[in-house]
Amino acid sequence: MYYTQEQIDRANQADLVLFLQSQGEPLERAGQEYRWKRHDSLTVRGNKWYRHSQSKGGGPVDFVMEFFGKSFTEAVELLTGEKGAAPPQDSPQFRLPPRSPDNRTARNYLTAARCIDEDVAGFFFASGDIYEDAAHHNAVFVGRDEDGIPRYAHSKGTAGNFRLDVKGSDKAFNFCYRGEGDRLFVFEAPVDLLAFLCLFKKEWQKQSYLSLGGVGEKALLRFLSDRPNIKTVYLCLDSDEAGNDACSRLVKLMPEGYTVRRLIPLFKDWNEVLQHRAEITDGKYLREAIYGLKEPPQEETVEIIRMSEVDTQTVEWLWEPYIPFGKVTIVQGNPGEGKTTFALRLAAACTNRKPFPHMAAHEPFNVIYQTAEDGLGDTIKPRLMEAEADLDRVLVIDESKQGLSLSDERIERAIRQTGARLIILDPIQAYVGEKTDMNKANEIRPIFRRLAEIAERTGCAVILIGHLNKAAGGQSAYRGLGSIDFRAAARSVLLIGRVKREPNVRVIVHDKSSLAPEGKPMAFCFDPETGFSWIGEYDITADELLSGAGGNTATKTEQAEQLILDLLADGKELASEDIVKAATEAGISERTVQNAKRNMGGILGARRVGGQWYNFIKKKQPPEPAS
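Residues numbered from 1 in each chain as written. Predicted model: local features only at pLDDT ≥ 70, side-chain atom pairs only at ≥ 80, totals over all residues. Heavy atoms only, no water.

A. A look at the sheet that holds strand β28 (residues 604-609). The strand order across the open sheet built from 3 strands is β27-β29-β28, with neighbouring strands paired in antiparallel fashion. What marks the edges here is a single partner per strand, and that holds for β27 (574-575) and β28. (Pairing = 2+ DSSP bridges. Helix = DSSP H or I, 4+ residues; strand = E, 2+ residues; numbered from the N terminus.)

B. Expanded view of the side chain of Asn-352. Mapping Asn-352 onto the fold places it in helix α11 (residues 339-352). With relative accessibility at 16%, the residue Asn-352 sits in the buried group. A polar contact of 2.8 Å, which involves the side chain of Asn-352, links it to the backbone oxygen of Glu-388. Not counting the four nearest positions on each side in its chain, Asn-352 is found in contact with Ala-387, Glu-388, Ala-389 and Asp-390. (Buried < 20%, exposed > 50% of the residue type's maximum accessible area, 1.4 Å probe, protein only. Polar contact = N/O pair within 3.5 Å; in protein donor to acceptor, adjacent residues only side chain to side chain. Contact = heavy atoms within 4.5 Å.)

C. The arrangement of helix α3 (residues 60-68) in detail. Along α3, the positions that sit buried rather than exposed are Pro-60, Val-61, Phe-63, Val-64 and Phe-67. Down the axis of α3, the buried side of the element spans an arc of 160°, and every buried residue falls inside it. For α3, the secondary structure elements touched by its buried residues are α1 (5-11), α2 (16-22), β2 (33-36), β3 (42-45), β4 (48-51) and α4 (72-80). Gly-69 occupies a position one or two residues after α3 and carries a positive phi of about 65°. (Arc of directions from axis to C-beta.)

D. The arrangement of a nonpolar patch on the surface in detail. A cluster of nonpolar side chains, contributed by Ile-305, Met-307 and Val-310, occupies part of the molecular surface with about 310 Å² of accessible area. Along the chain, Val-310 turns up in the loop between β15 (286-294) and β16 (317-319). (Patch = residues over 30% accessible without salt bridge, like charges linked within 9 Å, V, L, I, M, F, W, Y side chains within 5 Å. Areas by Shrake-Rupley, 256 points an atom, 1.4 Å probe, with all protein chains shown as cover. Salt bridge = Lys/Arg side-chain N within 4 Å of Asp/Glu carboxyl O.)

E. A look at the pairing of strand β26 (residues 531-537). In this sheet, β26 lies alongside strand β25 (residues 522-527) in antiparallel orientation, the contact comprising 6 bridges. From the neighbouring strand, Phe-526 faces β26, where its bridge partner is Phe-532. In this antiparallel pair of consecutive strands, β25 and β26, the connection spans 3 residues.

F. Representation of the sheet that holds strand β5 (residues 56-58) in the model. With antiparallel pairing, 5 strands are arranged side by side in an open sheet as β1-β2-β3-β4-β5. Only two strands of the sheet have a single neighbouring strand rather than two, namely β1 (27-30) and β5. On average, each strand axis in the sheet is tilted by 25° relative to the strand beside it, whichever way the strands run. As defined by bridge partners, β2 adjoins β3 across 2 bridges and the pair is classed as antiparallel. Opposite Arg-35, over in β3, you have Thr-43 as the bridge partner. Here α3 sits on the sheet and contacts β2, β3, β4 and β5; the angle it forms with β4, its principal contact strand, is near 45°. (Axes fitted to C-alpha atoms, helices over the stretch in contact; angles between N-to-C directions.)

G. The packing of aromatic side chains, seen in detail. Taken as a whole and judged by the stated rule, the model has 35 aromatic pairs. When the centroid spacing of 4.7 Å and the interplanar angle of 10° are considered together, the rings of Phe-185 and Tyr-234 count as stacked. Residue Phe-185 is located in strand β11 (residues 183-187), and its partner Tyr-234 is located in strand β13 (residues 232-235); the two are separated by 49 residues in the primary sequence. Both residues of the pair, Phe-185 and Tyr-234, belong to the buried class. One residue, Arg-99, lies across the ring of Tyr-131, its end atom 4.0 Å from the ring centre. Sitting over the ring of Phe-325, Arg-421 keeps its end group 3.8 Å from the ring centre. (Phe/Tyr/Trp six-rings, centres within 6.5 Å; stacked < 30°, edge-to-face > 60°. Lys NZ or Arg CZ within 6 Å of the ring centre and 35° of its normal.)

H. Representation of unusual backbone geometry. The omega torsion across Glu-320 and Pro-321 is -5°, close enough to zero to call that bond cis. Pro-427 follows Asp-426 through a cis peptide bond whose omega is 0°. With respect to the helices and strands, Pro-427 occurs in the loop between β21 (422-426) and α14 (441-458). Even without being a glycine, Asp-570 presents a positive backbone phi close to 60°. The class for Asp-570 is exposed, based on a relative accessible area of 79%.

I. Spatial organisation of the nonpolar core. In terms of nonpolar packing, the biggest core is built from 35 residues, with Leu-318, Trp-319, Ile-323, Phe-342, Leu-346 and Leu-422 touching the most fellow members. If you look at the next biggest cluster of nonpolar residues, it comprises 33 residues, including Ile-116, Phe-185, Trp-204 and Ile-280. (Core = buried A, V, L, I, M, F, W, Y, C linked by side-chain atoms within 4.5 Å.)

J. How the structure looks around the state of the cysteines. A complete count under the given rule lists 0 disulfides for this structure. Note on Cys-350: no disulfide assigned, nearest cysteine sulfur contributed by Cys-460 at a separation of 9.9 Å. (Disulfide = S-S within 2.5 Å.)

K. Inspection of the pattern of salt bridges at higher detail. Counted by the stated rule, this structure contains 35 salt bridges. Across the salt bridge formed by Asp-170 and Arg-151, the nearest N and O atoms sit 3.6 Å from each other. With a gap of 19 residues between them, Asp-170 in the loop between β9 (163-165) and β10 (176-177) and Arg-151 in strand β8 (residues 150-156) connect regions that are remote in the sequence. Using a relative accessible area of 30% as the deciding quantity, one classes Arg-151 as partly exposed. For the salt bridge of Lys-520 with Glu-537, the shortest nitrogen-to-oxygen distance reads 3.8 Å. Linking Lys-520 in the loop between β24 (502-513) and β25 with Glu-537 in strand β26, this pair joins segments that are 17 residues apart in sequence. Judged by relative accessible area, which is 52%, Lys-520 ranks as exposed. The exposure class assigned to Glu-537 is partly exposed, which follows from its relative accessible area of 33%. Overlapping salt bridges, with partners in common, bring together Asp-117, Asp-119, Lys-201 and Arg-277 in one network.

L. Quick peek at the environment of Glu-434. Residue placement: Glu-434 occurs in the loop between β21 and α14. C-alpha of Glu-434 to C-alpha of Ser-169: the two residues are 265 residues apart in sequence and 52 Å apart in space.

M. Representation of helix α6 (residues 118-127) in the model. Listed in full, the buried residues belonging to α6 are Val-120, Ala-121, Gly-122, Phe-124 and Phe-125. Contact partners of the buried residues in α6: α5 (104-113), β6 (130-132), β10 and α7 (190-199). The first or second residue beyond α6 is Gly-128, which carries a positive phi of 85°.

N. Quick peek at the packing of α5 against α6. Direction vectors running N to C along α5 and α6 enclose 145°, while the axes themselves pass 10 Å from each other. The crossing of α5 and α6 is right-handed. In contact with Ala-106, Arg-107, Leu-110 and Thr-111 of α5, α6 contributes Glu-118, Ala-121, Gly-122 and Phe-125. Here the residues of the contact of α5 with α6 sort into 4 nonpolar, 2 polar and 2 charged. (Left-handed = near helix turned anticlockwise from the far one by under 90°. Nonpolar A, V, L, I, M, F, W, Y, C, P; charged D, E, K, R; others polar.)

O. A look at the side chain of Arg-144. Checked against the element boundaries, Arg-144 lands in strand β7 (residues 139-144). Only 3.2 Å separates the side chain of Arg-144 from the backbone oxygen of Gly-148, close enough to count as a polar contact. Sequence-distant contacts of Arg-144, that is, excluding residues within four places in its chain, are made with Ser-127, Gly-128, Asp-129, Ile-149, Pro-150, Arg-151, Phe-173, Asn-174 and Arg-178.

P. Spatial organisation of the environment of Gly-143. When you line up the elements, Gly-143 lands in strand β7. Under the relative-accessibility criterion, Gly-143 is labelled buried at 0%. Considered as a pair, Gly-143 and Glu-272 are 129 residues apart in the sequence and their alpha carbons are 24 Å apart.

What follows is the structure, given as structure tokens:
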């Protein structure tokens, strides 16, 4: 069945309190809102609803579809009491004009004739929201619905004054950009929208922008209905009589609950301001900013989330249980003890399918590696080549013009741009920012919170390489440089150190794990002659590694020697694998058993029976007679 836009608009203006009461649903007043007892985290007010546990809401039609299981047309009928009709036979079918093989003419029109910055124009050409049509070389501005489906297009001539909406366009879905922020900027025409972005470029992608295609309200009301996150609307219409009248009318038509302000351009419209930008030396592009056109009722409420309605999430692992995707991991240790070696080997393994101990197989993916201590050409690249990394997949954010910090928005943009699933910053101390005191918790917490949110949103594993302080003998939890909040904010902390008794051996100790039981210490060897090799599990604790005691390797070896003597007492022979099994049950690793056997070479014998090796204690030889 077919409903006109006017019928749909009436359905979306329905009072949800009256609707629920008419359906016999129990409501409880909470200030100026009503709480629906069947869904007590959901409140309604006028024609708006909001489900606090999921941070989502909207208008009446999607409310009835979601909570009453109705289709779109059934929801409109239930809210209006009106029957739909068959679709009109003469309704035009919307199709985008065919695209030109390149956008050269349209791009030149926007950047040369309209002075739109290359990066702003390029963003929308890249997304397909602006393109050049094949037939007339017009610039086509595309409007999409929330699912990204084109529903509207406006053709603007690149020579002359031609402009026309494409046949069948739905003006409820005009040219726009949807950001995640809570502010919406509204314009009469797409070119004014683009000009405004050039004038106020800083972090523009966080907010939303909408062209009305004139001064009608259809696109604005639809946009607000689809985007319940919007809290403040800035009317950026032309500075003329038509723009003034439209602002007055739109303010009255907007639903309650929004803050509405007006930004008046210095000249007639924003593109005219942009074209005179070089003459405006003080950077004041506004003639006036008018506040208080509309304000929501002032009431303080606390949003509550019920744990019963929180979705449980499964942790995805890069290296289980040491490094999770979507979280922050810290790798720390003293200078020169293997942190960078480990990080580069990990980066290589993520790009080349080479085995990494106990790591599940991953399809190769991009890695971002930032270092402030080693040269890319003389140190990092040669070591990546040695590890057989796919160098096309190891990427670096260019810091030649501007240094990077943990709060830099380029981190998230680079992750999204490249599809990277791992980013390594080496060391933490170089990326906290010049004005940040890394020993002050109140300065570190917001930086780490932002970094953790980036990891969560992108699903990228974030690894921060950190040095230890010089408090020799202290507990590992307090040896990281800077505030203890570094460690507190990380979901996993790995400690890498040198084994004093085996100078070529480095051990990775899982010093903190918030998402799974701590993994066993893992060791690798970095021999000057033979190069890098993995050893495997190693018996040592974090504090023992830091103390310089060399771990409990010697103690475990002595325990293994005694265990072997006990197992082989009274002339017994035992299969080698049975000795290893008994040692494992006693908490002694197979590697430690092999060390013990080497130490016992003078008294421990071995012989092969079939495919199995057996061990025994050699009998003492009687002394040779004197000659």
